[in-house]
Amino acid sequence: MKQRTLELFLPDALADWEIGFLTAHLAGGHGRPLPGGFTIRTVAESKAPRTTMGGLRVAVDATLDEVASERPAVFVLPGSSAWDEGQHGAALERAKALVDDGVVVAAICGATSGLARVGLLDDRDHTSNAREYLLGTGYAGTERYVEAPAVFDRGVVTAGATDAVAWTATVMRAVDAYTSNVIDAWEQLYLTSRPEHFFALMTALQGGGEAV
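Rules used throughout
- Residues numbered from 1 in each chain as written.
- Predicted model: local features only at pLDDT ≥ 70, side-chain atom pairs only at ≥ 80, totals over all residues.
- Heavy atoms only, no water.
- Helix = DSSP H or I, 4+ residues; strand = E, 2+ residues; numbered from the N terminus.
- Buried < 20%, exposed > 50% of the residue type's maximum accessible area, 1.4 Å probe, protein only.
- Areas by Shrake-Rupley, 256 points an atom, 1.4 Å probe, with all protein chains shown as cover.
- Lys, Arg positive; Asp, Glu negative; His and termini not counted.
- Charge placed at Lys NZ, Arg CZ, Asp CG, Glu CD.
- Salt bridge = Lys/Arg side-chain N within 4 Å of Asp/Glu carboxyl O.
- Contact = heavy atoms within 4.5 Å.
- Axes fitted to C-alpha atoms, helices over the stretch in contact; angles between N-to-C directions.
- Left-handed = near helix turned anticlockwise from the far one by under 90°.
- Nonpolar A, V, L, I, M, F, W, Y, C, P; charged D, E, K, R; others polar.
- Phe/Tyr/Trp six-rings, centres within 6.5 Å; stacked < 30°, edge-to-face > 60°.
- Pairing = 2+ DSSP bridges.

Time to look at the overall build of the protein chain. Each helix and strand counted, the protein chain has 8 helices and 9 strands in total. Across its three principal directions, the C-alpha atoms of the protein chain cover 45 × 40 × 35 Å. Looking at the 212 residues of the protein chain, the share that counts as buried comes to 49%. With an accessible surface of roughly 9,600 Å², the protein chain has 53% of that area assigned to carbon and sulfur atoms. On the protein chain, the mean spot of the 17 positive side-chain charges and the mean spot of the 27 negative ones are 4 Å from each other.

What follows is the structure in structure tokens.
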């Protein structure tokens, strides 16, 4: 499988815990891409490093302007209070353009409010931190809100702040990162900690694990 790019937007004070599963399991340990896996590229409005909620400083690989003509496999928007403050409009415009181009956009926590503000959730099933949370955006999609850990509809993955595992698994399925038995076993292992799911995951990985 051809190497693909996970483009990770870095908002101000991004939520560390929301993206850790996704970046680790798509790119592999120590930043080494898995065979047929994903290379992670961090993007922001400028090249200045970003500081996460947990105080980690993260380097920016490219600006949004520099990647404007590029088409990643998935564009990831982590949570941050900056979305509620109406920041990062350029990233939301990129999200709209990429969805129109058939790219998966994955938003979690506060980033879902950003998608709501630019109309991406008006006509798609979606979820977030709570239905009431999105009402404050004034969007027109409240009837499409789903009480679920994570939702994928027509190129857009959404989830709330406490559902990083379900969100990660849903993104994996949306981009065909692994076979369904690998993703199902991984998700159940991290949701339940039950040993049978660990053994199911190891068995599935021994079978190759890559989607075709």
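The rest of the description comes next.
Okay, the pattern of salt bridges next. If the charged atoms of two oppositely charged side chains come close together, the side chains can form a pair. Scanning the entire structure with this criterion turns up 14 salt bridges. For the salt bridge of Asp153 with Arg144, the shortest nitrogen-to-oxygen distance reads 3.4 Å. Arg144 gets classed as partly exposed once you look at its relative accessible area, which sits at 29%. Connected through salt bridges with shared partners, the residues Glu7, Arg41, Glu70 and Arg94 form a single ionic network.

Counting buried positions along helix α6 (residues 164-174) gives 10 out of 11 residues, so the element sits mostly inside the fold. Listed in full, the buried residues belonging to α6 are Ala164, Val165, Ala166, Trp167, Thr168, Ala169, Thr170, Val171, Met172 and Ala174. Following α6 by one or two positions, Asp176 adopts a phi angle in the positive range, close to 55°.

This part covers the side chain of Ser128. Take Ser128: it is sitting in the loop between α4 (110-117) and α5 (131-135). Those residues in contact with Ser128 that lie beyond four places of it in its chain are Cys109, Thr112, Tyr133, Leu134, Tyr145, Ala159 and Gly160.

Packing of helix α1 (residues 16-27) against α6 brings their axes to within 8 Å, and their N-to-C directions diverge by 35°. The chirality of how α1 crosses α6 is right-handed. Counted together, Trp17, Glu18, Ile19, Phe21, Leu22, His25 and Leu26 of α1 and Ala164, Val165, Trp167, Thr168, Val171 and Met172 of α6 form the full contact between these two elements. Class assignment of the residues belonging to the contact of α1 with α6 gives a composition of 10 nonpolar, 2 polar and 1 charged.

Turning our attention to the packing of aromatic side chains. Taken as a whole, this structure holds 5 aromatic pairs when the rule is applied. On the numbers, 4.9 Å between centres and 35° between planes, the contact of Trp186 with Tyr190 is tilted. Of this pair, Trp186 and Tyr190 both sit in helix α7 (residues 180-192), 4 residues apart, roughly one helical turn. Assessed through its relative accessible area of 38%, Tyr190 is described here as partly exposed. With 5.5 Å between their ring centres and 70° between their planes, Phe198 and Phe199 make a pair best called edge-to-face. Looking at Phe199, the relative accessible area reads 54%, which means it is exposed. Ring pairing ties together the aromatic residues Phe21, Trp186 and Tyr190, which thus form one cluster.

Turning our eyes to something else, we now look at the side chain of Thr112. Locating Thr112 in the fold gives a position in helix α4. When near neighbours in sequence (up to four residues on either side) are disregarded, Thr112 contacts Ala107, Leu121, Thr127, Ser128, Tyr133, Leu134, Thr158 and Ala159.

Right, let's talk about the sheet that holds strand β6 (residues 74-77) for a bit. Taking strand neighbours across the sheet as the criterion, the 7 strands line up as β5-β2-β1-β6-β7-β9-β8 in an open arrangement whose pairing is mixed. Single-partner strands in this sheet number two, and they are β5 (62-63) and β8 (150-153). Where helix α3 (residues 89-100) meets the sheet, it contacts β1 (4-9), β6, β7 (104-108) and β9 (156-159), and its direction lies at approximately 150° from that of β6. Against the sheet, α4 touches β6, β7 and β9, its axis set at about 125° to β7.

A few words on unusual backbone geometry. Positive phi, close to 55°, is recorded for Asp176, a residue that is not glycine. Mapped onto the secondary structure, Asp176 falls in the loop between α6 and α7. Judged by its relative accessible area of 47%, Asp176 is partly exposed. Of note, Ser193 is a non-glycine position whose phi angle comes to about 65°, a positive value.

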